[in-house]
Amino acid sequence: MANHNSFKFQGAKELEAALKALGPEVATKAGAQATRQATNVMRDAVKAGAPRGDQSSKRTWRNKDGSQGTADYGHLHENIKTRKVRARKQHTVSFQVTTGKAFWGRFSEFGTEHEPARPWFKPAVDQVASNVVAAISTELKKAIEKAARKAKK
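None of these values were measured; they are calculated from a predicted model.

(A) Fine view of the pairing of strand 2 (residues 68-72). Covered by surrounding structure in strand 2 are Gly-69 and Ala-71 only, the residues Gln-68, Thr-70 and Asp-72 on the alternate face being uncovered. Bridging between strand 1 (residues 58-62) and strand 2 involves five bridges; their strand directions are antiparallel. Residue Trp-61 lies in a different strand from strand 2, and its bridge partner there is Gly-69. Connecting strand 1 to the next strand, strand 2, in antiparallel fashion are five residues, including Gly-66 with a positive phi near 95 degrees.

(B) Layout of a positive patch on the surface. On the surface, a cluster of positive charge is contributed by Lys-29, Lys-146, Arg-149, Lys-150 and Lys-153. Per-element accounting of the positive patch gives the leading share, three residues, to helix 6 (residues 129-152). Examined against the element boundaries, Lys-146 turns out to sit in helix 6.

(C) Focus on the packing of helix 2 (residues 24-49) against helix 6. Running from amino to carboxyl end, helix 2 crosses helix 6 at an angle of 150 degrees, the nearest separation of the two axes being 8 Å. As judged from the angle between their axes, helix 2 and helix 6 are roughly antiparallel. The handedness of the crossing between helix 2 and helix 6 is right-handed. Of the residues in helix 6, those in contact with Val-26, Ala-30, Gly-31, Gln-33, Ala-34, Gln-37, Ala-38, Val-41 and Met-42 of helix 2 are Asn-131, Val-132, Ala-135, Ile-136, Glu-139, Leu-140, Ala-143 and Ala-147. Of the residues contributing to the contact of helix 2 with helix 6, the split by class is twelve nonpolar, four polar and one charged.

(D) Just helix 6, in detail. Over its 24 residues, helix 6 extends 35 Å from the first C-alpha to the last, a length consistent with the 34 Å expected when each residue adds 1.5 Å. Residues Val-132, Ala-135, Ile-136, Ser-137, Glu-139, Leu-140, Ala-143, Ile-144 and Ala-147 constitute the buried set of helix 6. Residues of helix 6 that are buried in the fold lie against helix 1 (13-22) and helix 2.

(E) Representation of the nonpolar core in the model. Formed by 24 residues in total, the largest nonpolar core has its most connected members in Val-46 and Leu-140. Of all the secondary-structure elements, those providing two or more residues to this core are helix 1, helix 2, helix 5 (121-127) and helix 6. Examining the composition of this core, we find that seven residues originate from one element, helix 2, more than from any other.

(F) Region of the structure containing the pattern of salt bridges. All chains considered together, the criterion is met by four salt bridges. Taking the shortest distance from any N to any O, the salt bridge between Arg-118 and Glu-115 comes out at 2.3 Å. Its relative accessible area of 23% is what places Glu-115 among the partly exposed residues. We note a salt bridge from Lys-122 to Asp-126, for which the minimum N-O separation is 3.1 Å. With a gap of four residues between them, Lys-122 and Asp-126 both fall in helix 5, about one helical turn apart.

Criteria and thresholds
- Residues numbered from 1 in each chain as written.
- Predicted model: local features only at pLDDT ≥ 70, side-chain atom pairs only at ≥ 80, totals over all residues.
- Heavy atoms only, no water.
- Buried < 20%, exposed > 50% of the residue type's maximum accessible area, 1.4 Å probe, protein only.
- Helix = DSSP H or I, 4+ residues; strand = E, 2+ residues; numbered from the N terminus.
- Pairing = 2+ DSSP bridges.
- Patch = residues over 30% accessible without salt bridge, like charges linked within 9 Å, V, L, I, M, F, W, Y side chains within 5 Å.
- Areas by Shrake-Rupley, 256 points an atom, 1.4 Å probe, with all protein chains shown as cover.
- Salt bridge = Lys/Arg side-chain N within 4 Å of Asp/Glu carboxyl O.
- Lys, Arg positive; Asp, Glu negative; His and termini not counted.
- Charge placed at Lys NZ, Arg CZ, Asp CG, Glu CD.
- Axes fitted to C-alpha atoms, helices over the stretch in contact; angles between N-to-C directions.
- Parallel < 35°, antiparallel > 145°, perpendicular 65-115°, else oblique.
- Left-handed = near helix turned anticlockwise from the far one by under 90°.
- Contact = heavy atoms within 4.5 Å.
- Nonpolar A, V, L, I, M, F, W, Y, C, P; charged D, E, K, R; others polar.
- Expected span 1.5 Å × (residues − 1).
- Core = buried A, V, L, I, M, F, W, Y, C linked by side-chain atoms within 4.5 Å.

The analysis is restricted to geometry; functional conclusions fall outside its scope.
Here's what the structure looks like:
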């Protein structure tokens with residue numbers, strides 16, 4: 001069972017040609033900005049769709065040696081963040097929306113043997129898919145125009 005979504009931006013031949021003309025460094029920087037903005041659109045949608053509870057997120061337990069341990073992982077929606085993923089190839093940029101320390105978000109999304117699946121992450125991403133593509137194209141166009149203005153100087 002996969003727990004990630006990928007978007008492939010295909011079909012924008014003019015955009016691709018303009019990026020190639022900029023050179024790999026500028027194109028990578030432009031792609032990073034566009035991908036970051038698109039991922040932030042996804043992050044905001046996922047935060048809005050995350051299940052919320054009114055219970056405290058602070059947990060306390062007693063260890064075998066008698067000492068007491070505590071942890072406060074925060075609420076699920078507070079842990080949803082965008083993070084940059086290390087690229088495996090040169091001039092490649094990846095970002096991901098993650099639930100961070102809120103590991104229990106997966107239990108709600110995919111279910112367990114005791115709890116049925118109640119998807120919230122994937123439906124939120126699916127709902128804003130067109131906005132993600134629009135954010136990428138808008139940011140790439142801005143970067144191309146900026147590079148073209150800079151090249152004219």
